[in-house]
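Residues per chain are reported as follows:
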Amino acid sequence: MDLSFTPEQQRYRRTLRQWLAANLPEHPEEQDTARPGWLEAAKAWQRKLLEAGYLAVAWPRQYGGQGLAPIYQVIVNEEMAQAGAPRLAGEEGLLTLGPTLLACGSEEQKRRYIPGIISAETIWTQGYSEPQAGSDLASLTTRAELAGDHFIVNGRKLWASHAQIADRMFALVRTDPNRPKHQGISYLLIDMRAPGVTVRPLVQIDGKRDFSEVTFRDVRVDKEDLVGGLNNGWKVANSTLANERGNMGLNSAPLMAFAQLVQTARNIKRQNRALIENPYFRHRIAQLQIELEALRLHSYRQLTNSIRGRTAGVDSMVTKLVGSQLAYELASAAMEMFGDYAMAERDEHDIHLRGQWAQHLMTSIAFQIAGGTSQIQKNIIAQRGLRMPRER
Ligand SMILES: Cc1cc2nc3c(=O)[nH]c(=O)nc-3n(C[C@H](O)[C@H](O)[C@H](O)COP(=O)(O)OP(=O)(O)OC[C@H]3O[C@@H](n4cnc5c(N)ncnc54)[C@H](O)[C@@H]3O)c2cc1C
């Protein structure tokens, strides 16, 4: 593992930090995708980053990226997290579809779709899970039948994040029901405004509507929007899943939560002493910082491997497993600091400090499910990483 940053990389970090200090939008903590105005504000923020050259920094220049080494994306992720920068409007496209198209898409698909992902002109949603296909994703039944130069899609997707604001969906569909289940799946890019697409937002425990059920009734999709070849969708999907899982540690959400936790411990006083001076909370904070640092070093090792062209193995699953558990522990520690006030709704004086942590706690539980549950990550790490026998 090579942990040193070159003088040029350190300069880049300093310039970015200054830029963020001067350009961060006000009230970045408001991250509810269903809130009126959220999408416009998030798109404007993404475009601002793009104009300043801080978006898709490691993607090739010919598709609108900055063409820099992957380490620069890590610097951007870390600085954005430390600064408390808001979510990007085009998150699904940037974190999952874009890298997948770069790896498996045709030249035409890259040229047509990647610039829109970068500029947030096209908002994407992921259509993998179905009512009977979550952990056992390969059991999916949404059917796409080839009819000349297009597919006809029928079926139902569940938990599609941001589907209610999305323009297009990258979806897994069954194109050959007679083959073994992993070999009859294809990867399609579907227009969410096509006739026959219905989106029904689902209300979450926190009252937000971040994801939806999407049904398809005789939806027409151009054959040109098939990625990676007919019945080759499982391989393409795995490249997306690897990105989704691996990104979690590097996108540094726990770093940001940790900075907020320390601030919380400084702000809350008991018997005239800040909680940060209390030995119990000091110990908890120190333990969390150790775990966070271990995760960061693991992420750097993963990055070093990727720069040297080594396959990631189960590294990205370890990042996802530990990162999501850590997010939960961070939120639990903050809730304990607040004691009886922990469940208080956001109030006008202390928006960072009250409802925000209850929100983090609920979101952290979702992290342990999204992109493959913790139990499934453990199974894969045990079988592929530790070479343990499969469960029966
Ligand atoms: C916030 C959030 C966002 C999401 N966004 C999207 C999205 O954009 N697009 C999309 O397609 N999906 C999305 N999902 C869905 C997510 O991928 C699935 O919820 C997840 O894969 C689990 O599938 P399931 O809900 O059907 O649970 P199930 O597969 O039914 O699992 C239920 C329980 O059984 C356990 N379990 C299942 N099989 C095993 C096993 N073999 N060994 C041990 N334990 C097992 C699981 O760990 C889990 O605890 C999202 C989910 C969340 C929470």
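The structure presented is a predicted model; accordingly, all values stated were derived computationally and were not measured. (Residues numbered from 1 in each chain as written. Predicted model: local features only at pLDDT ≥ 70, side-chain atom pairs only at ≥ 80, totals over all residues. Heavy atoms only, no water.)

**Q** Would you explain helix α9 (residues 315–338) in this entry?
**A** Each α-helix winds once per 3.6 residues, and so residues spaced three or four apart point in a common direction. Between its terminal C-alpha atoms α9 stretches 35 Å, which fits the 34 Å expected from 24 residues at 1.5 Å a residue. Here α9 lies mainly inside the structure; 17 of its 24 residues are buried. A positive backbone phi angle near 55 degrees is found at Gly339, which sits one or two residues after α9. (Helix = DSSP H or I, 4+ residues; strand = E, 2+ residues; numbered from the N terminus. Expected span 1.5 Å × (residues − 1). Buried < 20%, exposed > 50% of the residue type's maximum accessible area, 1.4 Å probe, protein only.)

**Q** Help me out: how do you make sense of the pattern of salt bridges in this one?
**A** Counted according to the given criterion, the structure contains 20 salt bridges. With a shortest N-O distance of 2.8 Å, Lys157 and Glu130 are connected by a salt bridge. Linking Lys157 in strand β3 (residues 150–161) with Glu130 in the loop between β1 (124–127) and β2 (143–147), this pair joins segments that are 27 residues apart in sequence. The buried category is assigned to Glu130, whose relative accessible area is 5%. Between Lys181 and Asp136 there is a salt bridge whose closest N-O contact spans 3.1 Å. Here Lys181, found in the loop between β4 (168–174) and β5 (185–191), pairs with Asp136, found in the loop between β1 and β2; they are 45 residues apart in sequence, far enough to count as distant. (Salt bridge = Lys/Arg side-chain N within 4 Å of Asp/Glu carboxyl O.)

**Q** Is there a simple way to think about the side chain of Thr319 in this case?
**A** Of note, Thr319 is situated in helix α9. Side-chain polar atoms of Thr319 contact the side chain of His298, separated by 3.2 Å. Within the structure, Thr319 has its side chain in polar contact with the backbone oxygen of Asp315 (distance 3.0 Å). (Polar contact = N/O pair within 3.5 Å; in protein donor to acceptor, adjacent residues only side chain to side chain.)

**Q** Looking at this structure, I do not really get the site of the ligand. What am I missing?
**A** Taken together, 19 residues lie near the ligand, and Ser129, Ser135, Trp159, Ser161 and Thr373 sit nearest. Contact between the ligand and Tyr128: an oxygen atom at 2.9 Å from a main-chain N or O atom of the residue. Asn379 has a polar side-chain atom sitting 3.0 Å from a nitrogen atom of the ligand. Bound to the protein, the ligand loses 66% of the 970 Å² it would expose on its own. Breaking the shell around the ligand down by element, the ones donating at least two residues are β1, β3 and α11 (374–385). Grouping the amino acids of the shell around the ligand by side-chain chemistry returns eight nonpolar, 10 polar and one charged. Of the domains in this structure, domain 2 (124–231) and domain 3 (252–385) are the two that each give at least three residues to the shell around the ligand. (Near = heavy atom within 4 Å. Areas by Shrake-Rupley, 256 points an atom, 1.4 Å probe, with all protein chains shown as cover. Nonpolar A, V, L, I, M, F, W, Y, C, P; charged D, E, K, R; others polar. Domains from an automatic or database assignment.)

**Q** How should the environment of Ser119 be read in this particular structure?
**A** Tracing the backbone through its elements, the reader meets Ser119 in helix α5 (residues 107–119). The class for Ser119 is buried, based on a relative accessible area of 17%. In this structure the C-alpha to C-alpha distance between Ser119 and Glu51, which are 68 residues apart in sequence, comes to 9.4 Å. With residues near it in sequence (within four places) discarded, Ser119 still touches Gln46, Arg47 and Leu50. (Contact = heavy atoms within 4.5 Å.)

**Q** Teacher, can you tell me more about the domain arrangement of the protein here?
**A** When the parts of a complex come together, some accessible area is lost, and that lost area is often taken as the interface size. Looking at the protein, the domain boundaries give domain 1 (7–89), domain 2 (124–231) and domain 3 (252–385). Computed from C-alpha coordinates alone, the two centres of domain 2 and domain 3 are separated by 32 Å. Counting residues at the interface gives four residues for domain 2, matched by four residues for domain 3. For the pair domain 2 and domain 3, the summed buried surface comes to about 330 Å²; carbon and sulfur atoms form 59% of the total. Here domain 2 is connected to domain 3 by zero salt bridges. In this assembly, domain 2 and domain 3 are joined by zero residue pairs in polar contact (both at pLDDT 80 or more). Tallied by class, residues from the side of domain 2 that touches domain 3 come to one nonpolar, one polar and two charged. (Buried area = accessible area lost by both parts, 1.4 Å probe.)

**Q** Whenever I open this one, the packing of aromatic side chains confuses me. Can you help?
**A** Remark: the centre distance and the inter-plane angle together describe each pair of aromatic rings, the angle taken between the planes. For the structure shown, the criterion picks out 12 aromatic pairs. With a centroid separation of 5.8 Å and 75 degrees between ring planes, the pair formed by Tyr12 and Tyr54 is classed as edge-to-face. Taken together, the residues span a long stretch of sequence, with Tyr12 in helix α1 (residues 7–23) and Tyr54 in the loop between α2 (38–51) and α3 (70–83) at a distance of 42 residues. On the accessibility criterion, Tyr12 (12% relative accessible area) is buried. Taking 6.2 Å as the distance between ring centres and 15 degrees as the angle between the ring planes, the aromatic pair formed by Phe170 and Tyr187 counts as stacked. Here Phe170, found in strand β4, pairs with Tyr187, found in strand β5; they are 17 residues apart in sequence, far enough to count as distant. One aromatic cluster in this structure is built from Tyr12, Trp19, Trp45, Tyr54 and Tyr72. A cation sits over an aromatic face here: Arg13 above Phe5, 5.0 Å from the ring centre. (Phe/Tyr/Trp six-rings, centres within 6.5 Å; stacked < 30°, edge-to-face > 60°. Lys NZ or Arg CZ within 6 Å of the ring centre and 35° of its normal.)

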